Amino acid sequence: MKSRLPTLHEIDELLAFLPRLYAEGFSPVRRWHGGTARPDGVIMMPWPEYDEVVEAFYGSAARDCWLDYGYNPTVAQAMLQDQVLVAAASLDQIKTMLTYCVRGERFCDGHWEAMIELGHIRRLLERLRELRGTAV
């Protein structure tokens, strides 16, 4: 199953997060919970409480128009690591990498934070802005 292409409005909606996610002093995580031992010795694994901007961004990025249902997480991760590829990525490649960014939180608490702090989201949105300038 292939998702539809995003509309210009949907592209602009994602791009509006760029200055907010990368504002000076912005922290994606409000605080971490857990990571402590209970009286019975069970340790609760830590989990992040994300800023509402992060929640809103990933909510928008999880919409059908941005998802690549056939993505391979290993391939998508390698794509994100290749800054030359990201700088020249097609809209379909951006969708693949965004899918990895969105879905990774299910398997690793703090993944969303890492994608922002490592600059992956910034580079994807900057490339999307370039594509938007050429009217995709």
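In case you missed it, the structure is sitting above this.
Here the residue index of a chain counts from 1 through its sequence in written order. Owing to the predicted nature of the model, reporting of local features is limited to residues with pLDDT of at least 70; listing and counting of side-chain atom pairs is limited to 80 or more, with chain, interface and lining totals taken over all residues. Side-chain metrics in this entry use all non-hydrogen atoms of the structure; hydrogen atoms and water are not considered.

Trainee: Explain the packing of helix α1 (residues 8-15) against helix α8 (residues 120-133) to me, please; I cannot follow it from the model alone.
Mentor: Angles shown run from 0 to 180 degrees and are taken between the N-to-C directions of axes, each axis being a line fitted to C-alpha atoms and, for helices, limited to the stretch in contact. In this text, helices come from DSSP runs of H or I with a minimum length of four residues, and strands from runs of E with a minimum of two, each type numbered from the N-terminal end. Between α1 and α8, the least distance of the axes is 10 Å, while the angle of their chain directions is 145 degrees. Crossing hand, α1 versus α8: left-handed. For the pair formed by α1 and α8, the contact residues are Leu8, Ile11, Asp12, Leu14 and Leu15 on the first element and Leu125, Leu128, Arg129 and Arg132 on the second. Note on residue classes: Ala, Val, Leu, Ile, Met, Phe, Trp, Tyr, Cys and Pro are nonpolar, Asp, Glu, Lys and Arg are charged, and everything else, Gly too, is polar. Grouping the constituent residues of the contact of α1 with α8 by class yields 6 nonpolar, no polar and 3 charged. Note on convention: near helix rotated counterclockwise from far helix by under a right angle means a left-handed crossing. Clockwise means right-handed. In this analysis, two residues are considered to be in contact whenever any of their non-hydrogen atoms come within 4.5 Å of each other.

Trainee: Would you mind showing me how to read the side chain of Lys95 here?
Mentor: Position of Lys95 relative to the elements: it lies in helix α6 (residues 91-103). For every residue, the accessible area obtained with a 1.4 Å probe (protein chains only) is divided by the maximum for its type, and the residue is called buried under 20%, exposed over 50%, and partly exposed between those limits. As used throughout, the charge tally considers Lys and Arg to be positive and Asp and Glu to be negative, leaving His and the chain termini uncounted. In the sections that follow, a salt bridge refers to a side-chain nitrogen of Lys or Arg positioned within 4 Å of a carboxyl oxygen of Asp or Glu. Asp92 provides the closest opposite charge to the buried, salt-bridge-free Lys95, at an N-O distance of 4.6 Å. Apart from residues lying up to four places away in sequence, Lys95 is in contact with Ser3, Arg4, Leu5, Cys65, Trp66, Leu67 and Asp68.

Trainee: I tried to follow the pattern of salt bridges on my own but got confused; where do I start?
Mentor: Side chains that differ in sign of charge can pair as their charged atoms come close. This model, assessed by the stated rule, comprises 7 salt bridges. Arg31 is the salt-bridge partner of Glu49, the closest N and O atoms lying 3.6 Å from each other. Here Glu49, found in strand β2 (residues 47-50), pairs with Arg31, found in strand β1 (residues 29-33); they are 18 residues apart in sequence, far enough to count as distant.

Trainee: How should I be thinking about the packing of aromatic side chains in this particular structure?
Mentor: In this description, a pair of aromatic rings is defined by centroid distance and the angle of the planes. Only Phe, Tyr and Trp rings are paired, with Trp represented by its six-membered ring, and only when their centres lie within 6.5 Å; those with planes under 30 degrees apart are stacked, over 60 edge-to-face, the remainder tilted. Scanning the model with the defined rule gives 4 aromatic pairs in all. With centroids separated by 5.5 Å and ring planes inclined at 75 degrees, the aromatic side chains of Phe17 and Phe57 adopt a geometry described as edge-to-face. In this pair, Phe17 is assigned in the loop between α1 and α2 (18-21) and Phe57 in helix α3 (residues 52-61), connecting sequence segments 40 residues apart. Note on Phe57: relative accessible area 0%, which makes it buried. Between the aromatic rings of Phe57 and Tyr58, the centroid separation amounts to 5.0 Å while the plane-to-plane angle is 75 degrees, which identifies the pairing as edge-to-face. Owing to a relative accessible area of 1%, Tyr58 belongs among the buried residues under this scheme. Here a set of aromatic residues connected by ring pairs shows up, and it is made of Phe17, Tyr50, Phe57, Tyr58 and Trp112.

Trainee: Would you mind going over the pairing of β2 with me for this structure?
Mentor: Residues in a regular strand project their side chains so that they alternate between the two faces of the sheet. Here β2 shows a buried face lined by Pro48 and Tyr50 and an unburied face lined by Trp47 and Glu49. For two strands to count as paired, DSSP must find a minimum of two bridges between them. As paired elements, β1 and β2 share 4 bridges and run antiparallel to each other. Paired with His33 across the strands is Trp47, a residue of β2.

Function cannot be read off these values alone, since they describe shape.
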